[in-house]
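Listed below are the residues making up each chain.
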Amino acid sequence: MLFLIFVCLFPSIHCRIHNLNIFDDNRQQILLSTFGFLRDGSMTLHVTDFTYDHPGIAKDTIFGFSIDKAKTSGIANYLQTRKSQSCGFYQNDQVNEIPHAHFVIDHKSETPKITVERYTRDFEYLEIQYEKHAATNQTLASNATQKVKANETLVKEIPIERIGGNTDRFRFQFQILIKKKAEEGLYNLYFLNCYNRTDVPLNQRLLHINLTATLIEKNLDNYLSAGELPLPVLYFTWAVIYFLSGFYWIFVLRTSKHPVYKIHYLMLFLVLTKALSLVFHGINHHYIAIKGRHEEAWAILFYITHVLRGLLLIVAILLVGTGFTFVKHVLSGRERKLFIIAIPLQILAVVAQIFLEEKEESDVVYVTWRQIWVLIDLLCCGAIIFPIVWSIRHLEQSAKTDGKAMSSLSKLKIFRQFYFMIVLYIYLTRIVVYIVKLTVPFRFEWLQVVCFELTTFVFFTFTAYKFQPAPNNPYLTLAQESDDEDPEMDQPVIQNPVFDHVTKVNKKPRRFLPKLSTRKPNDILTPDEDDEDGYHHIQMSSTQV
């Protein structure tokens, strides 16, 4: 069923070979791609159809492409924000210090062309090549490694061709080659429509453009960005670690002489699903590295296991947070409602994340879906904290009112530890990982994956250690004590003040309650039809009580 759903949602899967289809778009700035280039890398842009509406009002406007280079993702995001505030072709001196190049489309002259403008020393000798007559998409994609025709001198103009003699339809192709160490960096590629800049009057009519193109980015024979090159090996390594951990957990459960609960098996399924997800993720990146795109079957398998992993994780955390199985055996109405809300939210969050991976950055809905994913992810993080907070509050009240302060305080300590673990896990995987991505050099962006997987593994290991079946495990001790603390079972069995501290210890209530003998106050009576008064007398002394 899940397989059919993902086939319908993502029928065509592309990755580092981008098929750009932008229709009726009026954005001033469109981010087409972000990619980390090393020496001998290349970017090939093949535009098969570029048009704009209202040729009359567009004759004096400026269209074109822009690239800029940064050393970290944080600087790249800053540059993207600055470009969105005004047309990228008109920047202040501060931005001009950032290495960048402009490709301005001159569509007004009889011989249309693209004018190339290079800025800063890093891009002073940036090599650009082109073909005067572009090939088809299929030919370009299959022959991406072939060197296109180059001018003998530094290219400053790129010829473009009108389609069918129309004055507002063009096609062209050019390639950027990274030949020097100084040219390495994290490149952002934009399309700019300066007619729709933000400082124009509100009543001005917006200009819409249509762009169909193929964008190919690679480093030598590898289609992965510089910061993603080690990812296939990393994913396979972590998969082996999780598989070994899962087999060890199976050994612990099989050899345990102490109670094993269903949640222990849920933890096992979570670890194995996580391992499978990493295997398929590594296979995906391997095919991206060598072919520039996913293999559809492996991609769908990864998405299925990724969804199941997210579902099992939030269910396990919610069950432990509510104290289910370990402290109590029934969920309250409020906790059941939380499950009904949190589980679909988690599934939606994972689907949104997959959707983001499959959509191009140039799509209009990309930013919207990214905002939705961040919001849903925050809601899921809050959902897994709520039951732990409820349990802590309940235990704090119980320690003051039910006369069982020692037991309640022991539980309170345990839930506070688990609460700290959850908060630390959320902080490291949502905030610290993002900070690492923004601050590390572009070629070390794989460190965010290491940080995320290491945090997840430590969290799994610590949770398994706390919940493992063992004689001195405080969680299991509390599970056995919880049945004795059922309020329906805390009924006094006698009415004599001598027995004020005697409570019923049997888990199942009896049909008949014992009573005191009227003849002998120290005798307890139980039903016995053979006795003359219908009861069996059991002698007990006050010292025995």
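Residues numbered from 1 in each chain as written. Predicted model: local features only at pLDDT ≥ 70, side-chain atom pairs only at ≥ 80, totals over all residues. Heavy atoms only, no water.

Definition in use: UniProt positions are given in the numbering used here, feature names are shortened, and annotations may be inferred rather than shown by experiment.
As named in an unreviewed UniProt entry, the protein is GOST seven transmembrane domain-containing protein, taken from Adineta ricciae. Quoted verbatim from the Subcellular location (unreviewed entry) field of UniProt, the annotation for the protein is "Membrane".

**Some words on the sheet that holds strand 6 (residues 113-119)**
Where strands meet in a sheet, backbone hydrogen bonds hold them as pairs that are either parallel or antiparallel. This is how it is decided: Two strands qualify as a pair provided that DSSP identifies no fewer than 2 bridges between them. Helix numbers and strand numbers start at the N terminus; a helix is a DSSP run of H or I with at least 4 residues, a strand a run of E with at least 2. Note on geometry: axes are lines fitted to C-alpha atoms, helical ones only across the stretch in contact, with angles between N-to-C directions running from 0 to 180 degrees.
Spatial strand order, 2-11-4-5-6-8: six strands in an open sheet with antiparallel pairing. Only two strands of the sheet have a single neighbouring strand rather than two, namely strand 2 (29-37) and strand 8 (157-159). Neighbour-to-neighbour, the strand axes of this sheet turn through a mean angle of 15°, independent of strand direction. Pairing geometry for strand 4 (residues 63-70) and strand 5 (residues 100-106), over six bridges, is antiparallel. Each bridged residue has a counterpart across the sheet, and for Phe65 the counterpart in strand 5 is Phe103.

**Let's talk about a nonpolar patch on the surface**
Definition in use: Within the patch definition used here, like charges are joined within 9 Å and nonpolar side chains (Val, Leu, Ile, Met, Phe, Trp, Tyr) within 5 Å, considering only residues with over 30% relative accessible area and no salt bridge. The Shrake-Rupley method, run with a 1.4 Å probe sphere, supplies the accessible areas, and residue values consider only the shown protein chains as cover. Basic side-chain nitrogens of Lys or Arg form a salt bridge, by our definition, when they fall within 4 Å of a carboxyl oxygen of Asp or Glu. Accessible area is worked out with a 1.4 Å probe on protein chains only. A residue is then buried under 20% of its type maximum, exposed over 50%, and partly exposed in between.
On the surface, Phe420, Leu424, Tyr427, Ile431 and Ile435 cluster together into a nonpolar patch covering about 480 Å² of accessible area. Assignment of secondary structure puts Ile431 in helix 11 (residues 405-439). Ile431 sits in the partly exposed class, given a relative accessible area of 41%.

**Some points on the packing of helix 7 (residues 262-291) against helix 12 (residues 447-467)**
Put simply, the rule reads: When describing relative orientation, an angle under 35 degrees is termed roughly parallel and one over 145 degrees roughly antiparallel, while 65 to 115 degrees is termed roughly perpendicular and anything else oblique. Here is the rule for handedness: rotate from the far helix to the near one, and if that takes an anticlockwise turn smaller than a right angle the crossing is left-handed, while a clockwise turn gives right-handed. Any two residues whose heavy atoms approach within 4.5 Å are treated as being in contact. All amino acids are sorted into three groups, where Ala, Val, Leu, Ile, Met, Phe, Trp, Tyr, Cys and Pro are nonpolar, Asp, Glu, Lys and Arg are charged, and the leftover types, Gly among them, are polar.
Running from N to C, helix 7 and helix 12 point in directions that differ by 160°, and their axes come no closer than 11 Å. By the criterion of interaxial angle, the relationship of helix 7 to helix 12 is roughly antiparallel. In this structure, helix 7 meets helix 12 at a crossing whose hand is left-handed. Note on element contacts: helix 12 touches helix 7 through Phe452, Glu453, Thr456, Phe460, Thr463 and Phe467, opposite His264, Met267, Leu270, Val271, Lys274 and Leu278. Looking at the contact of helix 7 with helix 12 residue by residue, the class counts come to seven nonpolar, three polar and two charged.

**Considering the packing of aromatic side chains**
Where we set the bar: Note on ring pairs: Phe, Tyr and Trp rings are taken, using the six-membered ring of Trp, and paired if centres are within 6.5 Å. Classes follow the plane angle, with under 30 degrees stacked, over 60 edge-to-face and the rest tilted.
In the structure shown here, the tally under the stated rule is 25 aromatic pairs. Here the aromatic rings of Trp238 and Phe457 are separated by 6.0 Å at their centres, their planes lie at 55°, and the arrangement is tilted. Residue Trp238 is found in helix 6 (residues 231-255), and its partner Phe457 is found in helix 12; the two are separated by 219 residues along the sequence. Taking relative accessible area as the criterion, Trp238 reaches 10% and is therefore assigned buried. With a centroid separation of 6.1 Å and an interplanar angle of 50°, the aromatic rings of Phe459 and Phe460 are classed as tilted. By the burial criterion, Phe459 is buried, and Phe460 matches it. Put simply, the rings of Phe50, Tyr52, Phe63, Phe65, Phe103, Phe170, Phe172, Phe174 and Phe191 touch in pairs and so form one group of aromatic residues.

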